[in-house]
Amino acid sequence: MCSSDLASGAKLFPTSCPVYFGLTALYKAAGGASIDPVLTGWMNDCDPCDATCPQGGRWQGLTCQNAPTPSGVALVVRRVELRNKKLAGYLPSQIGGLTTLTSHFRMAQNSMVGSIPSQMGRLTGLKSLVTFSQNKFEGSIPTQIGNLLLMSSAMFFHENSFTGQIPKIGRASCRERV
């Protein structure tokens with residue numbers, strides 16, 4: 001289980017939780033404290049989905065649910081919407097820990113650099129809209145993205161410096177604008 005209830009009602013998510021670890025690694029890699037208050041509530045030691053958290057509330061840019069498990073309640077982040085947030089950094093490999101995503105991983109219109117980590121291929125529940133467009137990504141698009149077999153919507157890679165071929169990705173209509 002990734003959470004533990006506190007007397008205050010807030011929930012802490014230790015770094016042993018892959019979702020929390022992925023989100024905090026993304027925060028740090030994308031600029032960390034230099035991007036506050038763009039990502040309001042991030043890194044407040046509370047459940048990223050808890051709007052009642054006394055340290056700043058729900059983490060901006062996430063759509064999530066708490067899902068019951070045999071041992072309690074687990075954090076379930078379904079969507080990451082960080083389009084046009086002035087993020088400047090890279091996507092960390094820990095992003096592969098966001099295995100609960102089912103729709104939308106949007107990183108478009110930022111200043112992200114480097115390559116897309118192969119660990120993105122672990123997000124096998126992702127079904128719709130992935131955008132990496134209008135950043136400063138480079139290198140090849142990892143073939144592991146082809147593991148996103150449920151993908152039925154578009155993926156956008158335009159206005160970056162990618163090289164090589166775009167791998168076949170589920171049922172998605174991959175688009176690359178020159």
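Right above here is the structure, for reference.
About the criteria used
- Residues numbered from 1 in each chain as written.
- Predicted model: local features only at pLDDT ≥ 70, side-chain atom pairs only at ≥ 80, totals over all residues.
- Heavy atoms only, no water.
- Helix = DSSP H or I, 4+ residues; strand = E, 2+ residues; numbered from the N terminus.
- Buried < 20%, exposed > 50% of the residue type's maximum accessible area, 1.4 Å probe, protein only.
- Contact = heavy atoms within 4.5 Å.
- Pairing = 2+ DSSP bridges.
- Salt bridge = Lys/Arg side-chain N within 4 Å of Asp/Glu carboxyl O.
- Core = buried A, V, L, I, M, F, W, Y, C linked by side-chain atoms within 4.5 Å.

A. Geometry of the side chain of Thr24. By the secondary structure assignment, Thr24 is in helix H1 (residues 18-29). Judged by its relative accessible area of 4%, Thr24 falls in the buried class. Every residue in contact with Thr24, bar those within four places of it in the chain, is listed here: Met43 and Trp59.

B. Structural detail: the sheet that holds strand S6 (residues 113-114). Spatially, the three strands line up as an open sheet ordered S6-S8-S10, and their pairing is parallel. Single-partner strands in this sheet number two, and they are S6 and strand S10 (161-163). With three bridges connecting them, strand S8 (residues 136-140) and S10 associate as parallel partners. Each residue of the ladder has a partner; that of Ser140, found in S10, is Thr163.

C. Structural view of the pattern of salt bridges. The full count for this structure, using the stated rule, is two salt bridges. Note that Glu81 is salt-bridged to Arg79, the shortest N-O span being 3.6 Å. For Arg79, a relative accessible area of 26% puts it in the partly exposed group. For the salt bridge of Glu81 with Arg106, the shortest nitrogen-to-oxygen distance reads 3.3 Å. With Glu81 in strand S4 (residues 72-81) and Arg106 in strand S5 (residues 103-106), the pair connects residues that are 25 residues apart, well separated along the chain. For the pair shown, Glu81 and Arg106 are each scored as buried. Because the salt bridges share partners, they merge into one network encompassing Arg79, Glu81 and Arg106.

D. Molecular detail of the nonpolar core. By size, the foremost hydrophobic cluster in this structure holds 40 residues, and its most contacted members are Trp42, Leu98, Phe105, Phe132 and Met155. Residue assignment for this core shows that the elements contributing at least two residues are H1, strand S3 (62-69) and S4. For this core, the element with the most residues is H1, which contributes five residues. Among all residues touching Phe105, those that are not within four sequence positions of it are Val80, Leu91, Ile95, Leu98, Met120, Leu126, Leu129, Val130, Thr131 and Phe132.

E. Molecular detail of unusual backbone geometry. In this structure, Gln109 is a non-glycine residue whose phi angle is positive, near 60 degrees. Within the fold, Gln109 resides in the loop between S5 and S6. The phi dihedral of Gln134 falls on the positive side, at around 55 degrees, and the residue is not glycine. Of note, Gln134 is situated in the loop between strand S7 (128-131) and S8.

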